[in-house]
Amino acid sequence: MIAPPDRKPLPRAFFDRPVLQVAPDLLGRILVRATPDGPIAVRITEVEAYDGPNDPGSHAYRGRTARNDVMFGPAGHVYVYFTYGMWHCMNLVCGPEGTASAVLLRAGEVVEGAELARERRVSARNDKELAKGPARLATALGVDRALDGTDACAAGETPLRMLTGTPVPSSQVRSGPRTGVAGEGGDGDVHPWRFWVADDPTVSPYRAHVPRRRRS
């Protein structure tokens, strides 16, 4: 059986480019999560770019660690991190090996397997909220640190794969400051590296960084 054009896997060469080229080009692509109960597919509607040592907002700004090791490549692999002691978020590594750049998948529309996503996202008020935000997206897909390092471009069976989908026209792409990023990295004039589909109801609301207060 021949797969339709929008369901063909993205090649590794797609990700082996500068992060600011890859990030907006991921909008409209389809991420498929294979599960024992069937696939869940999400059309990507919001992303953020992170550019390693050139980016004070990146996990890799100060170099390589056990946590961010996957960010250093190869391209097309999945970088999953745990945040606030509660949530997982997933990224796709891009650029040449050793550059530590990645795109955070912030939001999307569940286009297949919504019933499976609802089982994981019982607090969602409607299907538009199933993957509306990076932690919600990862939860809806059942993504955690066990999938860190997954090759989304691998041949054969793989738990996560990016498909061609339908790229969003540049006229429908918006950009602005990244959500919740502190300091220079959160300056939208310097790093307008959040990209989203204009007027899409699954895009998450922008929130500026708020310093966490320590308990006295």
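A.B. asks: So what's going on with the overall build of the protein? Which residues, and what values?
C.D. replies: What the protein contains, in helices and strands, is four helices and eight strands. Sequence-ordered secondary structure for the protein, helices as α and strands as β, is α-α-β-β-β-β-β-α-α-β-β-β. Taking 17 Å as the expected radius of gyration for a compact globule of 216 residues, we find that the protein reaches 16 Å, a close match to that expectation. Per-residue burial over the protein gives 51% buried out of 216 residues. Contacts in the protein between residues far apart in sequence, at least 24 positions, make up 63% of those at least 6 positions apart. Roughly 10800 Å² of accessible area belongs to the protein as shown, and the carbon and sulfur atoms make up 51% of that amount. When the 28 basic and 25 acidic side-chain charges of the protein are each reduced to a single mean position, those positions are 5 Å apart.

A.B. asks: Requested: an account of the pairing of strand 2 (residues 40-51), with residues and values cited.
C.D. replies: Judged by how many residues are buried, strand 2 sits mostly within the fold: 11 of 12 residues are covered. Judged from the four bridges that link them, strand 1 (residues 30-33) and strand 2 form a sheet pairing that is antiparallel. By the bridge assignment, Ile-30 is partnered in strand 2 with Arg-43. Where strand 1 folds back on strand 2, the antiparallel hairpin that results is connected by six residues, among which Gly-38 adopts a positive phi of roughly 130°. Taken together, the 10 bridges between strand 2 and strand 5 (residues 101-112) define a ladder with antiparallel strand orientation.

A.B. asks: Report on the pattern of salt bridges, specifying residues and quantitative values.
C.D. replies: Across all of its chains, the model carries 14 salt bridges by this definition. The residue Arg-12 makes a salt bridge to Asp-151 at a minimum N-O spacing of 2.8 Å. Taken together, the residues Arg-12 in helix 1 (residues 12-15) and Asp-151 in the loop between helix 4 (134-141) and strand 6 (160-163) connect sequence positions 139 residues apart. Assessed through its relative accessible area of 31%, Arg-12 is described here as partly exposed.

A.B. asks: How would you summarise the packing of aromatic side chains if you had to cite specific residues and measurements?
C.D. replies: What characterises a pair of aromatic rings is the spacing of the ring centres plus the angle enclosed by the ring planes. Scanning the model with the defined rule gives two aromatic pairs in all. An angle of 75° between the planes, with centres 5.0 Å apart, marks the rings of Phe-14 and Phe-15 as edge-to-face. Residue Phe-14 shares its accessibility class with Phe-15, and that shared class is buried. The ring of Phe-14 has Arg-17 sitting right over it, with the charged end atom 4.6 Å from the ring centre.

The rules behind each value
Residues numbered from 1 in each chain as written. Predicted model: local features only at pLDDT ≥ 70, side-chain atom pairs only at ≥ 80, totals over all residues. Heavy atoms only, no water. Helix = DSSP H or I, 4+ residues; strand = E, 2+ residues; numbered from the N terminus. Rg over C-alpha atoms; globule rule 2.2 N^0.38 Å. Buried < 20%, exposed > 50% of the residue type's maximum accessible area, 1.4 Å probe, protein only. Contact = heavy atoms within 4.5 Å. Areas by Shrake-Rupley, 256 points an atom, 1.4 Å probe, with all protein chains shown as cover. Lys, Arg positive; Asp, Glu negative; His and termini not counted. Charge placed at Lys NZ, Arg CZ, Asp CG, Glu CD. Pairing = 2+ DSSP bridges. Salt bridge = Lys/Arg side-chain N within 4 Å of Asp/Glu carboxyl O. Phe/Tyr/Trp six-rings, centres within 6.5 Å; stacked < 30°, edge-to-face > 60°. Lys NZ or Arg CZ within 6 Å of the ring centre and 35° of its normal.

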